[in-house]
Amino acid sequence: MPIGTVKFFDNGKGYGFITNEAGGSDAFVHMTAVQAAGMSTLEKDQRLSYELQNDQRGKTSAVDLKDA
């Protein structure tokens, strides 16, 4: 399970990105994943653990968010 920090999250647009502490590409995160984790928003520099999941279009996003 990767651990990263929130690079930014825009409540109005409903998405943001998480920077993986181990390096590599930033992970896209959608508001639905935030809400599924029982959170209302994400704050810049918040540390999270997450899983990466591919959607039907082949896009990868962060899911199963937890405070790290």
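So, a few notes on the structure that sits alongside this text. Small disclaimer: the values here were computed from a predicted structure and weren't measured. (Residues numbered from 1 in each chain as written. Predicted model: local features only at pLDDT ≥ 70, side-chain atom pairs only at ≥ 80, totals over all residues. Heavy atoms only, no water.)

### Observations regarding the overall build of the protein chain
Of regular secondary structure, the protein chain possesses 1 helix and 5 strands. Along its sequence from the N terminus, the protein chain presents helices and strands in the succession β-β-β-α-β-β. On C-alpha atoms alone, the protein chain measures out to a radius of gyration of 11 Å, which is about the 11 Å that the 2.2 N^0.38 rule sets for 68 residues. Along the first, second and third principal axes, the C-alpha set of the protein chain runs to 25 × 25 × 20 Å. Counting only residues that meet the buried cut, the protein chain has 31% of its 68 residues in that class. Pairs at least 24 apart in sequence give 40% of the contacts found in the protein chain among residues at least 6 apart. Roughly 4300 Å² of accessible area belongs to the protein chain as shown, and the carbon and sulfur atoms make up 48% of that amount. Across the protein chain, the 7 positively charged side chains and the 9 negatively charged ones have centroids separated by 6 Å. (Helix = DSSP H or I, 4+ residues; strand = E, 2+ residues; numbered from the N terminus. Rg over C-alpha atoms; globule rule 2.2 N^0.38 Å. Buried < 20%, exposed > 50% of the residue type's maximum accessible area, 1.4 Å probe, protein only. Contact = heavy atoms within 4.5 Å. Areas by Shrake-Rupley, 256 points an atom, 1.4 Å probe, with all protein chains shown as cover. Lys, Arg positive; Asp, Glu negative; His and termini not counted. Charge placed at Lys NZ, Arg CZ, Asp CG, Glu CD.)

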